[in-house]
Amino acid sequence: MWLLLGFSLLLASAAAQEDRAQTNRGEECVPYSQPWQVALFERGRFNCGASLISPFWVLSAAHCQTRFMRVRLGEHNLRQHDGREQLRMVSRVIPHPRYKARSHLHDLMLLRLVRPARLSAQVHPVALPARCPRAGEACLVSGWGLVSNDKQSHKGGSGSSQVILPDTLHCANISVISDESCNKDYPGRLTKTMVCAGVEGGGTDSCEGDSGGPLVCGGALQGIVSWGDVPCDTTTKPGVYTKVCNYLQWIRETISRN
């Protein structure tokens, strides 16, 4: 298992237990097709994904928390600037009060922006869910995390899989996996506050670098990229996401108090 703590740790965290981040074997997103996608930076270095849920508020994973966070909105290519990007400082960092890093319980946090996002075609909040996700439901996960670059062997071998860090936002179409099926892959590790998503047989998933990013199903934010199996480019196990529908009351009460 793996626990992603930040983009700078991506290549060093291939063993033990870490948090989740990448869209393994996904494709580059249609530019600005995910206007709620947020990039979190730590001292100028990309760290995690997140989702804009209102002009003042961003939702991400608690394990993405760092001391000097900055928010970038309206991003597609992290290395190119086209004038659509918006940089915002963070005034409040509010991880869930019962977050437990070891078990990934309650892996979410709210960030309040110093200035509100300027809403546009490229920057727009995602809807919070009106219900919980259903097994088999089609979803999309997005992020700037590791993606695999499969290379076929010229000598008739099985080929090799390389992982790269893309400059552009990548998207992958996946589906919600039933709790019963996911419990077989992660016995004793899942709770009712988590939801699994992937494709049958594996091969398309989130990975290191996507942590905190959105799992959007039917136009609503149903999950936050949290954790999964390693190495994420070859695993057949699904990714595990914080189930947003279980936290609607906490999200709304926290926003109203701050």
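Details of the structure are given in the entry above.
First, a word on scope: everything that follows refers to the structure included in this document. These numbers were taken from a predicted model, which means no experiment stands behind them.

1. Digging into the overall build of the protein chain
Link 1 in the chain: Regarding its fold elements, the protein chain presents 2 helices and 15 strands.
Link 2 in the chain: The buried share among the 258 residues of the protein chain stands at 55%.
Link 3 in the chain: Residue pairs at least 24 apart in sequence account for 72% of intrachain contacts in the protein chain once pairs closer than 6 positions are excluded.
Link 4 in the chain: A total of about 11500 Å² of accessible surface is found on the protein chain, and carbon and sulfur atoms cover 51% of it.

2. Concerning the nonpolar core
Link 1 in the chain: Formed by 34 residues in total, the largest nonpolar core has its most connected members in Leu40, Leu59 and Val71.
Link 2 in the chain: Elements with a minimum of two residues in this core: strand S2 (37–42), strand S3 (45–54), strand S4 (57–60), strand S5 (69–73), strand S6 (86–95), strand S7 (109–113), strand S14 (220–227) and helix H2 (248–257).
Link 3 in the chain: When residues no more than four places from it in sequence are discounted, the contact partners of Leu40 are Arg45, Phe46, Asn47, Cys48, Gly49, Ala50, Ser60, Met69, Arg70, Val71, Met109 and Leu111.
Link 4 in the chain: By size, the runner-up hydrophobic cluster in this structure holds 11 residues, among which are Ala172, Ala197, Leu215 and Val225.

3. Some remarks on the environment of Thr191
Link 1 in the chain: By the element assignment, Thr191 lies in the loop between helix H1 (179–185) and strand S12 (194–198).
Link 2 in the chain: Judged by its relative accessible area of 29%, Thr191 is partly exposed.
Link 3 in the chain: Here the alpha-carbon distance between Thr191 and Thr242, two residues 51 residues apart in the chain, equals 9.7 Å.
Link 4 in the chain: A polar atom in the side chain of Thr191 sits 2.7 Å from the side chain of Thr193.

4. A few points about the packing of aromatic side chains
Within a pair of aromatic rings, the relevant descriptors are the distance that separates the centres and the angle that separates the planes.
Link 1 in the chain: Overall, the coordinates contain 3 aromatic pairs when judged by the stated rule.
Link 2 in the chain: A ring pair is formed by Phe41 and Phe46, whose centres lie 5.8 Å apart and whose planes are at 75°; its orientation type is edge-to-face.
Link 3 in the chain: Take Phe41: its relative accessible area is 7%, and that puts it in the buried class.
Link 4 in the chain: The buried category is assigned to Phe46, whose relative accessible area is 5%.

5. Concerning the pattern of salt bridges
Link 1 in the chain: Applying the stated criterion across every chain yields a total of 4 salt bridges.
Link 2 in the chain: For Arg79, the salt bridge is made with Asp167, and the minimal N-O distance between the two is 2.9 Å. Placement of the pair is Arg79 in the loop between S5 and S6 and Asp167 in the loop between strand S10 (160–164) and strand S11 (170–177), with a sequence separation of 88 residues.
Link 3 in the chain: In this structure Asp167 comes out as partly exposed when scored by relative accessible area, which is 33%.

6. Some thoughts on the state of the cysteines
The bond known as a disulfide is covalent and runs between the sulfur atoms of two cysteines.
Link 1 in the chain: This model, assessed by the stated rule, comprises 5 disulfides.
Link 2 in the chain: Across a sulfur-sulfur distance of 1.9 Å, Cys29 and Cys171 are joined as a disulfide pair. Taking the sign of the S-S torsion, about 105° here, the bridge from Cys29 to Cys171 comes out right-handed. Of this pair, Cys29 sits in the loop between strand S1 (27–28) and S2 while Cys171 sits in strand S11, and the two are 142 residues apart along the sequence. Judged on exposure class, the residue Cys29 and its partner Cys171 are both buried.
Link 3 in the chain: Between the sulfur atoms of Cys139 and its disulfide mate Cys217 the distance is 2.0 Å. Across the S-S bond linking Cys139 and Cys217, the dihedral sits near 100°, which makes this disulfide right-handed. Here Cys139, found in strand S8 (residues 138–143), pairs with Cys217, found in strand S13 (residues 214–217); they are 78 residues apart in sequence, far enough to count as distant.

7. Focus: H2
Link 1 in the chain: Within H2, burial applies to Leu248, Trp250, Ile251 and Thr254. Projected onto a plane normal to the axis of H2, the buried residues spread over an arc of 170° and lie on a single side. Within H2, the exposed residues directed more than 90 degrees away from the buried face are Gln249, Arg252, Ser256 and Arg257.
Link 2 in the chain: In this structure, the buried side of H2 is in contact with S3, S4, S6 and S7.

8. Here we look at the sheet that holds S3
Link 1 in the chain: Taken together, the 6 strands give a closed barrel; going around it, the order is S2-S3-S4-S7-S6-S5, and neighbouring strands pair in antiparallel fashion. Ignoring which end each strand starts from, the neighbouring axes of this sheet average 40° apart.

9. Side note on the side chain of Thr193
Link 1 in the chain: Relative to the helices and strands, Thr193 resides in the loop between H1 and S12.
Link 2 in the chain: Apart from the residues within four sequence positions on either side, Thr193 is in contact with Leu105, His106, Tyr241, Thr242, Lys243, Asn246 and Tyr247.

10. Overview of the environment of Ala117
Link 1 in the chain: The residue Ala117 is located in the loop between S7 and S8 in this model.
Link 2 in the chain: Contacts of Ala117, omitting those with residues within four sequence positions, involve Leu52, Pro55, Leu73, Gln86, Arg88 and Val123.

11. Observations regarding unusual backbone geometry
Link 1 in the chain: If you check the backbone angles, Tyr32 has positive phi at about 65° while not being a glycine.
Link 2 in the chain: Residue position: Tyr32 is located in the loop between S1 and S2.
Link 3 in the chain: A positive phi angle is found at Arg43, which is not glycine, with a value near 50°.
Link 4 in the chain: Mapped onto the elements, Arg43 comes out in the loop between S2 and S3.

Analysis parameters
- Residues numbered from 1 in each chain as written.
- Predicted model: local features only at pLDDT ≥ 70, side-chain atom pairs only at ≥ 80, totals over all residues.
- Heavy atoms only, no water.
- Helix = DSSP H or I, 4+ residues; strand = E, 2+ residues; numbered from the N terminus.
- Buried < 20%, exposed > 50% of the residue type's maximum accessible area, 1.4 Å probe, protein only.
- Contact = heavy atoms within 4.5 Å.
- Areas by Shrake-Rupley, 256 points an atom, 1.4 Å probe, with all protein chains shown as cover.
- Core = buried A, V, L, I, M, F, W, Y, C linked by side-chain atoms within 4.5 Å.
- Polar contact = N/O pair within 3.5 Å; in protein donor to acceptor, adjacent residues only side chain to side chain.
- Phe/Tyr/Trp six-rings, centres within 6.5 Å; stacked < 30°, edge-to-face > 60°.
- Salt bridge = Lys/Arg side-chain N within 4 Å of Asp/Glu carboxyl O.
- Disulfide = S-S within 2.5 Å.
- Arc of directions from axis to C-beta.
- Pairing = 2+ DSSP bridges.
- Axes fitted to C-alpha atoms, helices over the stretch in contact; angles between N-to-C directions.

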